[in-house]
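Summary of the model geometry
Residues per chain are reported as follows:
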Amino acid sequence: MQQGNLKKLLLQLFILALPLLCILLSFFAFDPYGFFLPLESKSKALIPISDDYIAVERYLAYTPQKHYNSFTFGNSKTLAYLTSDWSAHLKNASPYKFGVPGECIFNILNKLKLIDSKGDSIKNVLLIFDSKVFVNFKNSQKFFQGPAYLHHPYSTNGSWMEFYSSYLKYYFTDFAFLKVAKFKLTGNYEASMEEFFKNPEDYTATYAALQLLPFTNEVINTAAEKELNEDSSAYFNRNSTKFSSRAELQKESQPWEIKKEDLEFMQEMMHIFKKHNCNYKVILGPNFDQIPFPTKQKNQLIQIFGSGAMYDFTGVNQYTNSISHYYEKSHYRIGIGKAIMDEIYR
């Protein structure tokens, strides 16, 4: 091929690739996920990066000074178990909450391996389990997909290339980059953008209702607690759509099994616990639907962790009977988490 024709071909390829290059440049220029923001500002990005990423990065950033040695693991149910309440039952503890939405057994094991590899002590562990932790086998559950549920590479034993390319994929999906560009360039928020990101002005009100504790990676819903304590009836009337009929939830419940790999992952957890002479406890939390944890699966957990470490609060009991113990159908209150810790450590 003659040199002139080659230059012409390269120019044509460049022109064809120019739109793609512009989109790629906008990904870095607009930084919608907050990759270039300071750690404690990342959650305030236009499309906040996942809680799991924040949890791991906070641990890596703060453990050199905090020397964490006690950890809670699980999904968003761990929000109910405040490290300040937990510390009251521990000696010389420096606790950290590793629980995040969309968690699974595979991720928990990898975080334990990370702690072990860093040389940190693992003196105490709370494992907060429910059916969703097992149904979301190796992050496969469709409900837990999207930018908010992409786990840190250390949690998935994956690569940084896979992590960033996944976010880039979501940036391209359904032309999300056009909505981001329009908002970034005009500053005007439109209803059509809601599918991809919330109005940043709404985040201001959201964060005002929460107490953030970065050193322990905790969030406390102070506004909900205040309203529930002052006028629970008003709270339930205002949030009635967040509560489903327990009969309907029980009717819609689907059978599930613990995968063989998850059983093996939990065996690996036990090896780490024994290595660190860890005081661990497994809590099956008081789910709103009052569906008991299946007997077969519970016995499988007992075979691994031992009956003495297992605490089952599922089904009908003093914690699940009252609707006032819940913020909505998925999360119980910090007072219930405290009562459970008081009970199991007593």
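Higher on the page you've got the structure.
Since the model is a prediction, treat every value here as computed from it, not as a measurement.

Cut-off values and rules
Residues numbered from 1 in each chain as written. Predicted model: local features only at pLDDT ≥ 70, side-chain atom pairs only at ≥ 80, totals over all residues. Heavy atoms only, no water. Helix = DSSP H or I, 4+ residues; strand = E, 2+ residues; numbered from the N terminus. Polar contact = N/O pair within 3.5 Å; in protein donor to acceptor, adjacent residues only side chain to side chain. Contact = heavy atoms within 4.5 Å. Buried < 20%, exposed > 50% of the residue type's maximum accessible area, 1.4 Å probe, protein only. Pairing = 2+ DSSP bridges. Axes fitted to C-alpha atoms, helices over the stretch in contact; angles between N-to-C directions. Expected span 1.5 Å × (residues − 1).

Digging into the side chain of Asp-52
Looking at where Asp-52 falls in the secondary structure, it is placed in helix α2 (residues 51-66). One polar contact links Asp-52 to Lys-111, side chain to side chain, over a distance of 2.6 Å. Each residue touching Asp-52, except ones within four places of it in the same chain, is listed here: Val-100, Glu-103, Lys-111, His-151, His-152 and Ser-155.

Description of the pairing of strand β3 (residues 124-129)
The buried fraction of β3 is high, at six of six residues. Here β3 shows no split at all, with Asn-124, Leu-126 and Ile-128 on one side and Val-125, Leu-127 and Phe-129 on the other all buried. Pairing geometry for strand β1 (residues 70-74) and β3, over five bridges, is parallel. Bridge pairing in β3 places Phe-73 opposite Leu-127. Relative to strand β6 (residues 279-284), β3 runs parallel, the two being bridged by six bridges. Within β6, the position partnered with Leu-127 by the bridge is Val-282.

Comments concerning the sheet that holds strand β2 (residues 95-97)
Spatially, five strands are ordered β2-β1-β3-β6-β7 in an open sheet, and the strand pairing comes out parallel. Either end of the sheet is taken by a strand with one partner, and the two such strands are β2 and β7 (310-312). Sheet twist, expressed as the mean angle between neighbouring strand axes with direction ignored, is 15 degrees. Note: β6 against β7, three bridges, orientation parallel. Residue pairing across strands places Leu-284 opposite Asp-312, the latter belonging to β7.

Structural notes on helix α4 (residues 105-117)
The terminal C-alpha atoms of α4, which comprises 13 residues, lie 18 Å apart, in line with the 18 Å expected from a rise of 1.5 Å per residue. Within α4, 10 of the 13 residues are buried, which leaves the element mostly enclosed by the surrounding structure. Contacts made by the buried residues of α4 are with α2, β1, β3, α5 (131-135), α6 (153-156) and α13 (260-275). Of the residues trailing α4, Gly-119 is marked for its positive phi of about 80 degrees.

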